Amino acid sequence: AHLDYEQFMSRNLNVPLLYILIGGSEEDGGNISKLLNEGNHVIMIKGTGGFTDDYCDFQKHIEIRDELTCTCLEFTACSTYEKLMHHNFDINLLVDAYHHKDNIYVFDYTESSDFDSFMLKLLITNQKNCEIDNQLDIACQWSRLDVAETLIASQLDATTGAKYCSGLTRTLFHALLWDHSEFCGILIENGSDIYDIQANIASLYEGSHFSPRCKHVVHLLEKYGDFQGTGSVTKVHINKLLNRLIGKGFQACTGHEQDPYFDLSIWATVCLKRDLALLLWRYTQDPVRSALVLLLLLYGMKDNAYLERDDDKRRTKELFDTFEDLTLSVVNQAWLCDSETCKRAMLSKWSRLNDYNYLDLAFHSHARNFMAHSACQEVISGGWRGKFKRDTSFMRIVIILLLPFLCVTPLVPFDRKVNYRRAIQGKYKMRYEGKVTGFEAIKRRASAFYSAPVTKFWMFLLTYIVFLGFHSYTLLYKMKFFSSTADISTAFWTEIVVWVWLGTMIISETVDCIESYSDK
């Protein structure tokens, strides 16, 4: 009954069967004979006594004497029969087993202790219903990377890799769920269809429910993704979850035109699968931006109330620190190789998240170490200077604010782009053509001066100090409190200026608040 049940499960689940005999009685010998006649495979552990040892001695005796044609009666009459038979077994069982010797594999534990490898190779190579994807699944479940590499190499050598693409993809899906990062690496390198995995990313989120270390994913989907706990996880649930953790306006699970490794690295990060997240991140199209988005995701997760276990919080913090270190390493290499290209990349906008650039992502994810990097500081300083060639002192800016015509003098050094119409990228450096003169030069320099953030800051500071002076003077000397004769005609001019100035400030602050709220 047990054998029938095992065979039934093997047929329905497409799981290969391999029988192991340790010792064994005459009844076990009969069962083994039946299994061999049905084409099954059997492993016998030599040295465990019983039917197993008798078969091993019988096989050795036959091979030595080459008695392949002897009958049972002739063998029974053989002088070595009593010496061979340690137990009173039916000789027909031994002969029948020997006729199926190609399906019997003897393991001698005195010669080798790697029984796992011995049995795995038999499962993979000797089962009729075991295709390439089934074989890879078995190797993945047993964590045998060496076997998987041999399987893939043999199949790709014999045929084209495209023939087994679907099998590799199915195994990759299972390896992702089982958190076997090394298997994922070799499967990706050998032609797995990563876009097919991306199209079924909702199944990955749903399959993560069954992992003991990913229970927090269910709570996050229920709280932020409007997932009810029953039914299937959809991309709508995932988008809502990521919009809450990463930011409003984030476009997740968009399709083939986007980076599939990035979407999968987000899934691995949500599940806190460190090695898998790092592997997938290395294949992304823009490693720095992808890492910053993952930092933003981890920042939204690490203070979440549903990370109840201290282990989840610890893993979140460790993954945050790891991605920040990797980001710094990549930016540092890029900065040393080509600082100008690195600065342009940092200011490039990303349409999938509110047109954020690198600095926006780092600011919202609180990646302080990244913001402190010399490359980021140079970009921030360059943005602060505007089109000034270098940092300009406060006194020079104040002098030009008081005497605007001085902006055309060398008192403030402007970038060469301000003084020329065209900038052409040469082989080694930028080349500028078409120097501007006359009124156009004055216009361009004045526009560059007053649009610089540093100029706006000092202008705002100085005008605010002037406002405070007017306000204090009016309150102390010119404003009439609780006077029945006070009206607009008797108001001093500084009082009118203060009220108008205050009204414009209120309007400006209100507009800024509305714009900042709409950006969130």
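Counting restarts for each chain: residues are numbered from 1 in the order of the written sequence. Residue-level local features of this predicted model are given only where pLDDT is at least 70; pairs of side-chain atoms are given and counted only at 80 or more, and the full residue set underlies all totals for whole chains, interfaces and linings. As a convention, hydrogens and water are excluded, and side-chain values are obtained from all of the structure's heavy atoms.

Asks: Where do I start with the overall build of the protein chain in this structure?
Replies: The helix and strand labels rest on DSSP assignments: H or I over at least four residues marks a helix, E over at least two residues marks a strand, and numbering proceeds from the N terminus. Across its full length, the protein chain carries 28 helices and five strands. Taken over 520 residues, the protein chain has a buried fraction of 42%. The contact rule is simple, with two residues in contact once any of their heavy atoms fall within 4.5 Å. Long-range contacts, defined as pairs at least 24 residues apart, comprise 63% of the intrachain contacts of the protein chain with a sequence gap of at least 6. When the accessible surface of the protein chain is split by element, carbon and sulfur atoms take 56% of a total near 29,000 Å². For every residue, the accessible area (1.4 Å probe, protein chains only) is compared with the maximum for its type, and the residue is labelled buried under 20%, exposed over 50%, or partly exposed between those bounds. Each accessible area is a Shrake-Rupley estimate made with a 1.4 Å probe; only the visible protein chains count as cover when residues are assessed.

Asks: What exactly am I supposed to notice about the nonpolar core here?
Replies: What makes a nonpolar core is a set of buried Ala, Val, Leu, Ile, Met, Phe, Trp, Tyr and Cys residues whose side-chain atoms join them at distances within 4.5 Å. By size, the foremost hydrophobic cluster in this structure holds 78 residues, and its most contacted members are Tyr-205, Leu-242, Phe-250, Ile-266, Phe-323 and Phe-370. The dominant element in this core, judged by the number of residues it contributes, is helix α18 (residues 287–302), at ten residues. What Ile-266 contacts, discounting residues up to four positions off in sequence, is Tyr-205, Leu-242, Ile-246, Phe-250, Leu-294 and Leu-297. Membership of the second largest hydrophobic core comes to 19 residues, among which are Tyr-19, Leu-35, Leu-36 and Tyr-55.

Asks: How should unusual backbone geometry be read in this particular structure?
Replies: Note on backbone geometry: most residues besides glycine have negative phi, and most peptide bonds are trans. Phi is positive for Asn-354, which is not a glycine, with a value near 55°. The class for Asn-354 is partly exposed, based on a relative accessible area of 34%. Unusually for a residue other than glycine, Asp-355 sits at a positive phi of about 55°. Within the secondary structure layout, Asp-355 lies in the loop between α20 (339–346) and α21 (358–364).

Asks: How do you make sense of the packing of helix α16 (residues 260–270) against α18 when you look at a structure like this?
Replies: Any two packed helices are characterised by how steeply their axes cross, that is the angle between the axes, and by the distance between the axes. To get an axis, a line is fitted to the C-alpha atoms, and for a helix only the part in contact is used. The angle between two axes follows their N-to-C directions and goes from 0 to 180 degrees. The N-to-C vectors of α16 and α18 enclose an angle of 25°; their axes lie 10 Å apart at closest approach. Considering their axes alone, α16 and α18 lie roughly parallel with respect to each other. Between α16 and α18 lies a crossing whose hand is right-handed. Here α16 contributes Phe-262, Ser-265, Ile-266, Thr-269 and Val-270 to the contact with α18, which in turn contributes Ser-290, Val-293, Leu-294, Leu-297, Leu-298 and Met-301. Considered class by class, the residues forming the contact of α16 with α18 number eight nonpolar, three polar and no charged. Working rule for angles: under 35 degrees goes down as roughly parallel, over 145 as roughly antiparallel, 65 to 115 as roughly perpendicular, anything else as oblique. When the near helix sits turned anticlockwise from the far one by under a right angle, the crossing is termed left-handed; a clockwise turn instead gives a right-handed crossing. When residues are grouped by polarity, Ala, Val, Leu, Ile, Met, Phe, Trp, Tyr, Cys and Pro land in nonpolar, Asp, Glu, Lys and Arg in charged, and all others, Gly among them, in polar.

Asks: Would you mind showing me how to read the state of the cysteines here?
Replies: Each disulfide is one covalent bond, formed between the sulfur atoms of two cysteines. We call a pair of cysteine sulfur atoms a disulfide whenever their separation is within 2.5 Å. Applying the stated criterion across every chain yields a total of zero disulfides. Sulfur of Cys-376: no disulfide; nearest cysteine sulfur belongs to Cys-342 and is 7.8 Å away. Given the relative accessible area of 0%, Cys-376 is considered buried.

Asks: Where do I start with the packing of aromatic side chains in this structure?
Replies: The geometry of two aromatic rings is summed up by the distance between their centres and the angle between their planes. Note on aromatic contacts: the rings of Phe and Tyr and the six-membered ring of Trp form a pair at centre separations within 6.5 Å, being stacked when their planes are under 30 degrees apart, edge-to-face when over 60 apart, and tilted otherwise. All chains considered together, the criterion is met by 13 aromatic pairs. Geometrically, the ring pair formed by Trp-281 and Phe-323 is edge-to-face, given 6.1 Å between the ring centres and 80° between the ring planes. A residue pair is termed long-range when its members are at least 10 positions apart, and Trp-281 in helix α17 (residues 274–282) and Phe-323 in helix α19 (residues 310–337) qualify at 42 residues. By relative accessible area, which is 5% here, Trp-281 ends up buried. A relative accessible area of 0% means that Phe-323 is categorised as buried. Aromatic pair Tyr-464 and Phe-467: ring centres 6.0 Å apart, planes at 35°, arrangement tilted. Taken together, the residues Tyr-464 and Phe-467, both in helix α27 (residues 453–478) and three residues apart, mark about one turn of the helix.

Asks: Help me understand the pattern of salt bridges in this model?
Replies: When the charged atoms of two side chains lie near each other, side chains of opposite charge can form a pair. Put simply, a salt bridge is a Lys or Arg side-chain nitrogen that is within 4 Å of an Asp or Glu carboxyl oxygen. Across all of its chains, the model carries seven salt bridges by this definition. Note that Asp-286 and Arg-289 form a salt bridge whose closest N and O atoms lie 2.7 Å from each other. Using a relative accessible area of 22% as the deciding quantity, one classes Asp-286 as partly exposed.

Asks: It is not clear to me how the sheet that holds strand β1 (residues 19–22) should be interpreted in this structure. Could you clarify?
Replies: The pairing of strands in a sheet happens through backbone hydrogen bonds and is either parallel or antiparallel. Only strands that DSSP links by at least two bridges are regarded as paired with each other. With respect to topology, three strands assemble into an open sheet ordered β1-β2-β3, the strand pairing being parallel. Each end of this open sheet is capped by a strand with a single partner; those strands are β1 and β3 (104–108). Looking at each pair of strands side by side, their axes are set apart by 25° on average, direction ignored. Relative to strand β2 (residues 42–46), β1 runs parallel, the two sharing four bridges. For Tyr-19, the partnering residue across the bridge sits in β2 and is Val-42.

Asks: Teacher, can you tell me more about the pairing of β1 here?
Replies: Regular strands have side chains that alternate between both faces of the sheet. Alternating residues of β1 divide into Tyr-19 and Leu-21, all buried, and Ile-20 and Ile-22, none buried. Clockwise travel from the first strand over the helix to the second, with the strands pointing away from the viewer, marks a crossover as right-handed. After leaving β1, the chain enters helix α2 (residues 26–37) and then returns to the sheet as β2, a path that is right-handed.

Asks: Can you help me understand a nonpolar patch on the surface in this one?
Replies: A contiguous nonpolar surface patch, about 610 Å² in accessible area, is contributed by Phe-394, Met-395, Ile-399, Leu-402, Leu-403 and Phe-405. Inspection of the secondary structure assignment puts Leu-403 in the loop between α24 (394–402) and α25 (416–419). On the basis of relative accessibility, which here comes to 38%, the residue Leu-403 falls in the partly exposed class. Within this analysis, patches are made of residues with over 30% relative accessible area and no salt bridge. Like charges are joined at 9 Å or less; nonpolar side chains (Val, Leu, Ile, Met, Phe, Trp, Tyr) at 5 Å or less.

Asks: Even after reading the chapter, I still don't get the packing of α24 against α27, so can you show me in this structure?
Replies: In the contact formed by α24 and α27, the axes pass within 10 Å of each other and the chain directions differ by 70°. Taken together, the axes of α24 and α27 are roughly perpendicular relative to one another. Facing α24, whose interface residues are Phe-394, Ile-397, Val-398 and Leu-401, α27 presents Val-454, Thr-455, Trp-458, Met-459 and Leu-462. Of the residues that constitute the contact of α24 with α27, the class distribution is eight nonpolar, one polar and no charged.

Asks: Is there a simple way to think about the environment of Val-288 in this case?
Replies: Following the sequence through the fold, Val-288 ends up in helix α18. Residue class for Val-288 comes out buried when judged on its relative accessible area of 8%. Considered as a pair, Val-288 and Thr-327 are 39 residues apart in the sequence and their alpha carbons are 5.6 Å apart. Sequence-distant contacts of Val-288, that is, excluding residues within four places in its chain, are made with Thr-327, Val-330, Val-331, Tyr-358 and Phe-370.

Asks: Looking at this structure, how should I read α27?
Replies: In an α-helix there are 3.6 residues to a turn, and that puts residues three or four apart on one side. Expected helix span is given by 1.5 Å per residue-to-residue step, counting one fewer step than there are residues. The end-to-end C-alpha distance of α27, which contains 26 residues, comes to 36 Å, matching closely the 38 Å that a straight helix rising 1.5 Å per residue would cover. Among the residues of α27, those classed as buried are Val-454, Thr-455, Phe-467 and Thr-474.

Asks: Can you help me understand the confidence of the model for the protein chain in this one?
Replies: Low pLDDT marks stretches whose predicted atomic positions should not be read closely. The pLDDT averaged across the protein chain works out to 76; a share of 73% of its residues lies at or above 70. Per residue, pLDDT measures the predictor's confidence, with a range of 0 to 100. Of all the helices and strands in the protein chain, helix α4 (residues 72–76) carries the lowest mean pLDDT, 47, while α17 carries the highest, 91. The low-confidence segment residues 157–164, where pLDDT is below 50, has four contacts with residues more than four positions distant or belonging to other chains.

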